[in-house]
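Descriptive structure summary
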Protein chains: 2
Amino acid sequence: MAAALGEFDRIAKFFKPLAAGFPGSLGLTDDAALISPGDGHEFAVTTDALVADVHFRSQDPPDLIARKALRVNLSDLAAMGAEPVCYTLATILPPSTDEAWLEVFVRGLALDQAEFRIKLAGGDSVKTPGPATLSVTAIGRVETGRALRRSGARPGDRVYVSGTMGDGALGLAALKGRVADDGNATLAGRYLLPQPRLALGRALIGKASAALDVSDGLVADLGHIAETSGVRIVIEIERVPMSPAAKAAVATDSRLIETILTGGDDYELAFTAPMELPERLADVAVTCIGRVEAGGGVTVLDRQGRPVTLSAGGYRHF
Amino acid sequence: MAAALGEFDRIAKFFKPLAAGFPGSLGLTDDAALISPGDGHEFAVTTDALVADVHFRSQDPPDLIARKALRVNLSDLAAMGAEPVCYTLATILPPSTDEAWLEVFVRGLALDQAEFRIKLAGGDSVKTPGPATLSVTAIGRVETGRALRRSGARPGDRVYVSGTMGDGALGLAALKGRVADDGNATLAGRYLLPQPRLALGRALIGKASAALDVSDGLVADLGHIAETSGVRIVIEIERVPMSPAAKAAVATDSRLIETILTGGDDYELAFTAPMELPERLADVAVTCIGRVEAGGGVTVLDRQGRPVTLSAGGYRHF
């Protein structure tokens, strides 16, 4: 292995190319980036940190780790209806991290930067005696006053989710050998590389009364909408959309339905709307799973319309 | 010890009060904060991460750790001439972190929020099996196109620094028992609690041709200006301002002059200007230490005007 590069050389070699073409990054040579949302727009700003063997597995391919770190933040922008602009990245890595790892890591970022039209604006690169840790702050722009919020759900609204539920948590279980995946490792793929629903978020502006991304688990996240909006949310288990792989897992072990409802890491959008929405929006399946009522909390109804008690309110890391 | 609070409860109890009074934080209940720089302004955005026993000592008082994490980022805003608006904070803490620690940590943030007129906009709170790690993204506002940059130094400009040099690095050495501090532990205090030069940064807009904050060490940081501006920077050792405590340390061990020139963690501003500046600006001492010439790199001249060779180009963590 070649002699280790210093911090500045690493930034120049690996990270500067990620900032190319974004004037506000100032080529990563200044103390801060300079950005403006443009007339009639404001910025949405979100920060998510990921720790090796807590939020991803340290043995995961570095490009997938990079892309997941970016995507969980993009998912927050999607939930606000914002379009990505730029991000800052703090890489907090063990001294043993070699350049080969960094090269693949950066390749993953470049891939997703192109896919989601976002650029690196700045950041920090430090060493840790602990596990690899990544902290991303993503910045998006949205028309002033039009961002999707969690607080607008009203009694009478319908409750929707995009895509399918539970694949992320089942994917982690599959990677641990606790759940059988399908032949294409669909579940594992959903855990390793979530799909931020940016186009859907944009399409929901003016339609959704409340929205968020499903990261803590469907029931816990709907609980956030219920609390912030001051409403009760009622969902029906049988309407919760599942992938064929998730259905197969549940058919084998019916207790996994709880993982579907409370598992995290889906990064789909959950939202409420006063009107009936089409079954697809912005190329994503959209499923009505319940309704908003007066009151508080989240009620889950089984096939017979009876409230179900869940042993966990949602997924917790650790 | 009481039962540990979950992530949401911790955020509500400890961090929500830090976001009070900042509408853009949305009470920390949404997926992202919403912010706008206002007409004629843009945002300066900077991210710095700190790791226990790398960038601070894990046994340091939690309020000082919190304030240092915020201040090193504020120092970057100062270097751009920006005024603080808000910040996001990722706390990446060991599971053993108790509420007493968090309480003091948050108290430190509240103190500095009031002093520097900045509010918490959002963030993340996760656990790590490794050392306590903090990642702060600070956001400031500056008149569009007027931010201080590193690239504007021109031959003929004078080179200035604020305050005194070397106290931060000597302070760390003092805390390790390698250097004698004064009776007030001035050096240690400068390491533990740097003073971001925000008012000075604002005052330098329209005056300084290039600026940055001294975090990597005076010579290394002037090297950044030299490289980004495409100029040579010449400074004279005897003009470099030192605190009485630093002078006393150097009087005892003359080799410490190298620490003054290359030690990090000063968080003073270094800048160039085409004109002569007063000895104080925005209540801070400002000292001319050299000049800008055509060429490249940084040349340090001794008392006799002879170039000095330094064994280290600047301070490196690890």
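Residues numbered from 1 in each chain as written. Chains lettered and ligands numbered in written order. Predicted model: local features only at pLDDT ≥ 70, side-chain atom pairs only at ≥ 80, totals over all residues. Heavy atoms only, no water.

1. Considerations on the overall build of chain A
Of the regular secondary structure elements, chain A holds nine helices and twelve strands. Here the C-alpha atoms of chain A give a radius of gyration of 20 Å, agreeing with the 20 Å that 2.2 N^0.38 yields for 318 residues. Each of the three principal axes of chain A carries a C-alpha extent, and together these read 65 × 50 × 30 Å. Counting over 318 residues, chain A shows a buried share of 60%. Within chain A, residue pairs in contact and separated by at least 24 positions form 84% of the contacts whose partners lie at least 6 positions apart. For chain A, the accessible surface area stands at approximately 12000 Å², while carbon and sulfur atoms represent 51% of it. (Helix = DSSP H or I, 4+ residues; strand = E, 2+ residues; numbered from the N terminus. Rg over C-alpha atoms; globule rule 2.2 N^0.38 Å. Buried < 20%, exposed > 50% of the residue type's maximum accessible area, 1.4 Å probe, protein only. Contact = heavy atoms within 4.5 Å. Areas by Shrake-Rupley, 256 points an atom, 1.4 Å probe, with all protein chains shown as cover.)

2. A word on the pairing of strand S4 (residues 119-127) of chain B
Where a strand is regular, its side chains alternate between the two sheet faces. Residue and element names in this part refer to chain B. Pairing analysis gives eight bridges linking strand S3 (residues 83-93) to S4, with the strands arranged parallel. The residue bridging Tyr-87 from the neighbouring strand is Leu-120, located in S4. Considered for its hand, the β-α-β crossover made up of S3, helix H3 (residues 99-116) and S4 is right-handed. (Pairing = 2+ DSSP bridges. Right-handed = clockwise from strand over helix to strand, strands pointing away.)

3. Describing the sheet that holds strand S1 (residues 33-35) of chain B
Taking strand neighbours across the sheet as the criterion, the five strands line up as S4(A)-S3(A)-S5(A)-S2(A)-S1(B) in an open arrangement whose pairing is mixed. Strand pairing shows two members of the sheet lacking a second neighbour, strand S4 (119-127) of chain A together with S1 of chain B, which therefore form its edges. Sheet twist, expressed as the mean angle between neighbouring strand axes with direction ignored, is 20°. (Axes fitted to C-alpha atoms, helices over the stretch in contact; angles between N-to-C directions.)

4. Describing the relation of the copies chain A and chain B
One chain copy maps onto the other through a rotation about an axis and a shift parallel to that axis. Laying chain A over chain B is done by rotating through 180° and shifting 0.0 Å along the axis; what remains is an RMSD of 0.0 Å. The relationship between the two copies is best expressed as a two-fold rotation axis. Proximity to the rotation axis, assessed at the C-alpha, singles out Gly-130 of chain A in chain A; its C-alpha lies 2.1 Å from the axis. A shared interface surface links the copies, since 100% of the contact residues of chain A are contact residues in chain B too. (Least-squares fit on C-alpha atoms with pLDDT ≥ 70 in both.)

5. Structural notes on the nonpolar core
Of all hydrophobic cores here, the largest spans 55 residues; its most connected members are Phe-15, Tyr-87, Phe-105, Leu-204 and Phe-271 of chain B. Ranked by residues supplied to this core, first place goes to helix H2 (residues 62-80) of chain B with ten residues. With sequence-adjacent residues up to four places away left out, Phe-271 of chain B is seen in contact with Arg-158, Val-159, Tyr-160, Val-161, Ser-162, Leu-200, Leu-204, Ala-208, Ala-210, Ala-211, Leu-277 and Val-286 of chain B. Ranked by size, the runner-up nonpolar core spans 54 residues in total, among them Leu-18, Ala-66, Ala-82 and Leu-89 of chain A. (Core = buried A, V, L, I, M, F, W, Y, C linked by side-chain atoms within 4.5 Å.)

6. Topic: the side chain of Ser-162 of chain B
Residue and element names in this part refer to chain B. Structurally, Ser-162 can be placed in strand S6 (residues 158-162). Reaching out from Ser-162, the side chain makes a polar contact with the backbone nitrogen of Leu-269 at a distance of 2.9 Å. When near neighbours in sequence (up to four residues on either side) are disregarded, Ser-162 contacts Arg-197, Leu-200, Glu-268, Leu-269, Phe-271, Val-284 and Ala-285. (Polar contact = N/O pair within 3.5 Å; in protein donor to acceptor, adjacent residues only side chain to side chain.)

7. Notes on the confidence of the model for chain A
Residues and elements named next belong to chain A. Per-residue confidence for chain A averages 94 on the pLDDT scale, and 96% of its residues sit at or above 70. Across residues 313-318, confidence stays below pLDDT 50; counting only partners more than four residues off in sequence or on other chains, it has 19 contacts. Here the predicted complex scores 0.94 on pTM and 0.93 on ipTM. (pLDDT = per-residue confidence, 0-100.)

8. Here's the deal with H3 of chain B
Residue and element names in this part refer to chain B. Taking 1.5 Å per residue, 18 residues should reach 26 Å; H3 reaches 25 Å between its end C-alpha atoms and fits that length. Among all positions of H3, only Trp-101, Leu-102, Phe-105, Val-106, Gly-108, Leu-109, Asp-112, Gln-113 and Phe-116 are buried. Take H3 and look down its axis: the buried residues cluster within an arc of 150°, on one side only. Away from its buried face, by an angle of more than 90 degrees, H3 presents the exposed residues Ala-100, Arg-107 and Ala-114. Those residues of H3 that are buried are in contact with helix H1 (7-19), H2, S3, S4, strand S5 (133-143) and helix H6 (198-204). Phi turns positive, to about 55°, at Arg-117, one or two residues after H3. (Expected span 1.5 Å × (residues − 1). Arc of directions from axis to C-beta.)

9. Re the state of the cysteines
Each disulfide consists of a covalent bond between the sulfur atoms of two cysteine residues. Applying the stated criterion to the full structure yields zero disulfides over all chains. Distance from the sulfur of Cys-86 of chain B, which forms no disulfide, to the nearest cysteine sulfur (Cys-86 of chain A) is 13 Å. On the basis of relative accessibility, which here comes to 1%, the residue Cys-86 of chain B falls in the buried class. (Disulfide = S-S within 2.5 Å.)

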